[in-house]
Amino acid sequence: MFLGGKISMKHTNLQERLPASIAADHEELWVSVLENLKDEYGLATFNSWFTHLSFHEIKDSTLKITAPSKFIRECVINNYFRKIKQLVSDLDPNIKIIDLRVKQNRPSLVTKEKKPSLNDNSVIRVEEYESSTLASNLDRKLIFDNFVVGNSNKLAFMASKAVAEGRSNNPTNVLYIHGAVGMGKTHLLQAIAEYIGNNQPNRNVAYLSAEKFMHQYILSLKNNSSLGFREHLRSLDILLIDDIQFICGKSSTQQEFANTFNALVESGRMVVISCDRSPYQLELDGRTKSRLAGGLSVEIKPADFALRYEILKTKANMLNLNLSKDILEFIAQSVTSSIRELEGALNNLSLYANNFGIELNLHNIKEILKDCILAHEVSVTVDKIIEVVANFYGVTAKEIFSKSRESKYVLPRQVSAFISKQLTDKSLKDIGQALGKRDHATVIYSIKKLEERMANDKSVNEDITKIIDMIGAR
């Protein structure tokens, strides 16, 4: 339920219901839009702008929503209306107009409240989806040229580029890209579609989110056009399906996808899938899961500090934000969950700079992004450090605690002591106790020996940087 700007993030499955139910539960449609906006832009941007929007009604093919001020209304229109339009269209193509007005907080006690006049920018017409067109589904900013590549996403980028250029040697004709939310999967799929549209117009390609696939399938059943829906998809040279996990557990839609997917693969067509988990973890029929797992499966792992910094630098330039190295490093160290959260932080800074004229110095951005930074703070303990160090070096915590003097255990032990001293407020005595009941003198000696090694071995410094990044304290 969405009341007075407060949102319950209860999961909804609007597309799986009959269209009549979708139309009947208008407020639930708006909650679903808000859930998607939160996933798309991150918590900081969501709290800054979208929580202030209130659902009013859906009437005569018009979705009416209100904003508490002209400033918020204009910011939403100028920066996020295109995405809202897309989400609304995905959920209910019968909605033709989105009407965003400033809420009048003091209606007259004598006469009915006078409706504010419409500004041209306050109404966005939502075009009906045409399966033969692709443009309405793509964000033109999501192209290969502005996808920042690092160690965590290099393989996914290379595989996607090969598919787009028609030089993929994958015998299964399946590319499966998986990774956590906000890591760039959608960017790559849309970049493939955009590249093909611009360079190979004869190749028949379609990009669909799993939600869009579900909605179009249900709509085809309602309109008795399911045969045409199937024939269109199976005539494609390349089908791109984003966030396939959302069809799992929805039996009829899941079966329709499986039939389409298998038909395309068997006819030698290319299918590119994105998901938030590996193919082995999907709740799909055995045949489809086997084919997905048998394709080229690449994972986009969480971005390390270096990649986060480069992404911020690239996106800041795109937004014409002049941010110092210290600011970029601070954001890269503070916001670690996803690329989408990084972009959300920059969007917030851009709005504050452009609308309020606020100088973007380190002090001000800490205040602007305080909610986002607080959400990413982690509790660093000695036990947590030991766990991460052990995983990094391929040993166990028990082996770090042991009295063994083998070098493969000594280095992790020394690194654990060094990082614990850097990142926690624990005394040397407490650190020693956590490291196998060693005394504080042993901890001092371990740290001293590691610092000597760091002075002569650059790789040790790099290891420590990576470990601190994995801990999430930078």
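Residues numbered from 1 in each chain as written. Predicted model: local features only at pLDDT ≥ 70, side-chain atom pairs only at ≥ 80, totals over all residues. Heavy atoms only, no water.

Undergrad: What is the right way to read the overall build of the protein from this model?
TA: Assigned secondary structure in the protein consists of 22 helices and eleven strands. Long-range contacts, defined as pairs at least 24 residues apart, comprise 73% of the intrachain contacts of the protein with a sequence gap of at least 6. Accessible surface computed for the protein: about 23600 Å², of which carbon and sulfur atoms make up 48%. (Helix = DSSP H or I, 4+ residues; strand = E, 2+ residues; numbered from the N terminus. Contact = heavy atoms within 4.5 Å. Areas by Shrake-Rupley, 256 points an atom, 1.4 Å probe, with all protein chains shown as cover.)

Undergrad: Whenever I open this one, the packing of helix 19 (residues 407–423) against helix 21 (residues 440–456) confuses me. Can you help?
TA: Describing two packed helices takes the angle between their axes plus the distance from one axis to the other. Interaxial distance between helix 19 and helix 21 falls to 8 Å at its minimum, and their mutual angle equals 100 degrees. One element, helix 19, and the other, helix 21, form an angle in the roughly perpendicular class. Facing helix 19, whose interface residues are Leu-411, Gln-414, Val-415, Ala-417, Phe-418 and Lys-421, helix 21 presents Val-443, Ser-446, Ile-447, Lys-449, Leu-450, Glu-451, Arg-453 and Met-454. Of the residues assigned to the contact of helix 19 with helix 21, the class counts are eight nonpolar, two polar and four charged. (Axes fitted to C-alpha atoms, helices over the stretch in contact; angles between N-to-C directions. Parallel < 35°, antiparallel > 145°, perpendicular 65-115°, else oblique. Nonpolar A, V, L, I, M, F, W, Y, C, P; charged D, E, K, R; others polar.)

Undergrad: Just checking my understanding: could you explain the UniProt feature "binding site: ATP" (unreviewed entry) in the protein for this structure?
TA: Here the UniProt feature "binding site: ATP" (unreviewed entry) sits at Gly-182, Gly-184, Lys-185 and Thr-186. With respect to the secondary-structure elements, Gly-182 resides in the loop between strand 7 (174–179) and helix 7 (185–199). Along the chain, Thr-186 turns up in helix 7. Setting aside chain neighbours within four positions, we find Thr-186 in contact with Leu-142, Tyr-207, Asp-242 and Arg-340. (UniProt positions renumbered as here; feature names shortened; annotations may be inferred.)

Undergrad: Help me understand helix 22 (residues 458–471) in this model?
TA: An α-helical segment advances 3.6 residues per turn. Residues three or four places apart therefore align on the same side. With 14 residues, helix 22 should cover 20 Å at 1.5 Å per step; its first-to-last C-alpha distance of 20 Å lies within 8% of that length. Taken as a whole, helix 22 has its buried residues at Val-460, Asp-463, Ile-464, Ile-467, Ile-468, Asp-469 and Ile-471. The inward-facing, buried residues of helix 22 contact helix 12 (305–318), helix 17 (382–393), helix 19 and helix 21. (Expected span 1.5 Å × (residues − 1). Buried < 20%, exposed > 50% of the residue type's maximum accessible area, 1.4 Å probe, protein only.)

Undergrad: Explain the packing of aromatic side chains to me, please; I cannot follow it from the model alone.
TA: For any pair of aromatic rings, geometry is given as the distance between the ring centres together with the angle between the planes. In this structure the tally under the stated criterion is ten aromatic pairs. Plain terms: the ring middles of Phe-46 and Phe-50 are 6.2 Å apart, the flat faces sit at 55 degrees to each other, and that makes the pair tilted. Neither Phe-46 nor Phe-50 differs from the other in exposure class; each is buried. Taken together, the aromatic side chains of Phe-213, Tyr-217, Phe-229, Phe-257 and Phe-261 make up a single cluster linked through ring pairs. Geometry around Phe-144 places Lys-161 over its ring, the cationic atom sitting 5.6 Å from the centre. (Phe/Tyr/Trp six-rings, centres within 6.5 Å; stacked < 30°, edge-to-face > 60°. Lys NZ or Arg CZ within 6 Å of the ring centre and 35° of its normal.)

Undergrad: Which parts of the structure should I look at to understand the environment of Arg-101?
TA: Counting through the fold element by element, Arg-101 comes out in strand 5 (residues 97–102). Taking C-alpha positions, Arg-101 is 8.7 Å from Pro-68, a pair spaced 33 residues apart along the chain. Among the polar contacts listed, one links the side chain of Arg-101 to the side chain of Asp-99, at a separation of 2.8 Å. (Polar contact = N/O pair within 3.5 Å; in protein donor to acceptor, adjacent residues only side chain to side chain.)

Undergrad: Before we go on, may I ask you to explain helix 10 (residues 251–266) in this structure?
TA: Between its terminal C-alpha atoms helix 10 stretches 22 Å, which fits the 22 Å expected from 16 residues at 1.5 Å a residue. Residues of helix 10 that are buried include every one of Thr-253, Gln-254, Glu-256, Phe-257, Ala-258, Thr-260, Phe-261, Asn-262, Leu-264 and Val-265, and no others. Buried residues along helix 10 sit against strand 7, helix 8 (210–222), helix 9 (226–234), strand 9 (238–242), strand 10 (270–275) and helix 11 (286–294). One or two positions beyond helix 10, positive phi appears at Gly-268, with a value near 80 degrees.

Undergrad: When you look at the environment of Arg-140 in this model, what are you seeing that I'm missing?
TA: Along the chain, Arg-140 turns up in the loop between strand 6 (123–125) and helix 6 (154–164). A residue is classified by how much of its surface remains accessible, and Arg-140, at 40% relative accessible area, is partly exposed.

Undergrad: Hey, could you run me through the nonpolar core in this one?
TA: Soluble globular proteins tend to pack their nonpolar side chains together in the buried interior. The biggest cluster of nonpolar side chains holds 29 residues, and the ones touching the most others in it are Leu-321, Leu-323, Ile-331, Leu-349 and Leu-360. For this core, the secondary-structure elements that each account for two or more residues are helix 12, helix 13 (325–334), helix 14 (339–356), helix 15 (362–368) and helix 16 (370–376). Not counting chain neighbours up to four residues away, the residues in contact with Leu-360 comprise Leu-321, Leu-323, Ile-327, Leu-349, Ala-353, Ile-365 and Ile-368. Counting residues in hydrophobic clusters, the runner-up holds 28 residues, among them Phe-50, Ile-58, Leu-63 and Ile-65. (Core = buried A, V, L, I, M, F, W, Y, C linked by side-chain atoms within 4.5 Å.)

Undergrad: Help me understand the environment of Lys-301 in this model?
TA: Tracing the backbone through its elements, the reader meets Lys-301 in the loop between strand 11 (296–300) and helix 12. Lys-301 gets classed as partly exposed once you look at its relative accessible area, which sits at 47%. Discounting chain neighbours no more than four positions away, the residues touching Lys-301 are Ser-152 and Met-183.

Undergrad: So what exactly am I meant to see when it comes to the pattern of salt bridges here?
TA: Opposite charge on two side chains makes pairing possible when the charged atoms of those side chains draw close. Under the definition given, this model contains 15 salt bridges. For the salt bridge of Glu-256 with Arg-230, the shortest nitrogen-to-oxygen distance reads 2.9 Å. Of this pair, Glu-256 sits in helix 10 while Arg-230 sits in helix 9, and the two are 26 residues apart along the sequence. Residue Glu-256 is classed as buried on the basis of its relative accessible area, which comes to 3%. Here Arg-230 falls in the partly exposed class, since its relative accessible area comes to 25%. Across the pair Lys-315 and Glu-343 runs a salt bridge whose closest N-O atoms are separated by 3.2 Å. Remark: Glu-343 occurs in helix 14 and Lys-315 occurs in helix 12; sequence separation between them is 28 residues. On the basis of relative accessible area, Glu-343 is assigned to the partly exposed category, the value being 27%. A cluster of three or more residues bridged by salt bridges with shared partners is formed by Lys-161, Glu-165 and Arg-167. (Salt bridge = Lys/Arg side-chain N within 4 Å of Asp/Glu carboxyl O.)

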